Amino acid sequence: MKAFILSLILITFAKAAVITSVEGVILVIDPIENPTINPLVNIQRPVEINNGDVINLNESEDKKIDTTITWNADEEEIYDFYDAQNWDFLESGLEEFDRELAITNILTITDSFIIEDSPAYSHIEIGDGFSVTLKSTDFTFQNANGFTGVNDNDNVYSTLNITDGSSMNAGFSAIGLEINVDSTSSLTLRGFGASINSQVERSVVNLSPNAQLTLSSIEKFAQQGDDIYLNGVSFSQNPSILKFNGTTGTAIPEPNSFLLMSICVLLLSILRGRRN
């Protein structure tokens, strides 16, 4: 019985912390208190996305144009993300988006069904420190496309938030893009190469508990495990953070470490009482 209780205590600490090594330095990381597990990249990995505040997660550092531009389309299906008629530019003073430039605004798309049919590899760039948020929206890139950050090698992340029962289906994410998927939403990256592409600047996917991620094969999860996170812990560090159905992984909530510790303390108290 005593050995069983000691095992529970060890499991409790194992659930509460992750041991990793960065350039030979051993680090003990609490995924709840300190979600930044790679000091070389310093990515903010939320434990769970707060839908009410999600559009404020990534204001630009230099406050270039931190106004929120909202989706204003009435059609059931939209095929042109850049069509000015689809957006409410009132707060920003803009009249349209330039297809040749990165988006330097905070965008919110709500209650929409979008099929983006731009030519392959034309992608939609989000500027450094800015964000696009999907709320109750299905967004599909029809061709080999996706959202990306900008190629400037400065390691400032651009952000895509997928929330409130939204889904996104894209060929890839790339060039310093951080994608946050809340517990009601899903992300599909169907590219057969590195669909979470970090060749130029590192890209990551942060999953809240019960969020779903689909890649082109199970092998892709292993190959891209360093860039898939739940509660600050990567798939490479702990493959059990995902439960699989085909090529879709669902993020599994971690057991409550405080509760486990409380159970251990209670069992130890019972044992001591029996001895007395």
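Residues numbered from 1 in each chain as written. Predicted model: local features only at pLDDT ≥ 70, side-chain atom pairs only at ≥ 80, totals over all residues. Heavy atoms only, no water.

Colleague: Give a detailed account of the overall build of the chain, specifying residues and quantitative values.
Modeller: Counting secondary structure elements, the chain contains three helices and 22 strands. In the chain, which comprises 276 residues, the share counted as buried stands at 46%. Across the chain, contacts joining residues at least 24 apart in sequence account for 61% of those joining residues at least 6 apart. Accessible surface computed for the chain: about 13,800 Å², of which carbon and sulfur atoms make up 52%. (Helix = DSSP H or I, 4+ residues; strand = E, 2+ residues; numbered from the N terminus. Buried < 20%, exposed > 50% of the residue type's maximum accessible area, 1.4 Å probe, protein only. Contact = heavy atoms within 4.5 Å. Areas by Shrake-Rupley, 256 points an atom, 1.4 Å probe, with all protein chains shown as cover.)

Colleague: Lay out the nonpolar core with the relevant residues and their values.
Modeller: Counting 44 residues, the largest nonpolar core has Phe 81, Phe 139, Phe 147 and Met 168 as its most contacted members. The residues contacting Phe 139, other than those within four sequence positions of it, are Phe 81, Ile 109, Ile 114, Glu 116, Ile 124, Leu 134, Phe 147, Ser 167, Met 168 and Asn 169. (Core = buried A, V, L, I, M, F, W, Y, C linked by side-chain atoms within 4.5 Å.)

Colleague: Break down the packing of aromatic side chains for me, citing the residues and quoting the values.
Modeller: Any pair of aromatic rings gets described here by the distance separating the centres and the angle formed by the planes. By the definition in use, this model includes 14 aromatic pairs. The structure contains a cluster of three or more aromatic residues connected by ring pairs, namely Trp 71, Phe 81, Tyr 82, Trp 87, Phe 89, Phe 97, Phe 139, Phe 141 and Phe 147. (Phe/Tyr/Trp six-rings, centres within 6.5 Å; stacked < 30°, edge-to-face > 60°.)

Colleague: Requested: an account of the confidence of the model for the chain, with residues and values cited.
Modeller: Of all residues in the chain, 67% attain a pLDDT of 70 or more, and the chain-wide mean is 77. Contacts for the low-pLDDT stretch residues 8-65, under 50 throughout, to residues beyond four places or in other chains number 118 contacts. (pLDDT = per-residue confidence, 0-100.)

Colleague: Got a sec to walk through the sheet that holds strand E3 (residues 68-71)? Specific residues and values, please.
Modeller: Spatially, the nine strands line up as an open sheet ordered E4-E3-E5-E8-E11-E14-E17-E19-E20, and their pairing is mixed. If you trace the sheet from one side to the other, it starts and ends with strand E4 (87-88) and strand E20 (233-234), each paired once. Pairing of E3 with E4, which is carried by two bridges, proceeds in the antiparallel orientation. What sits directly across from Trp 71, in E4, is Trp 87. (Pairing = 2+ DSSP bridges.)

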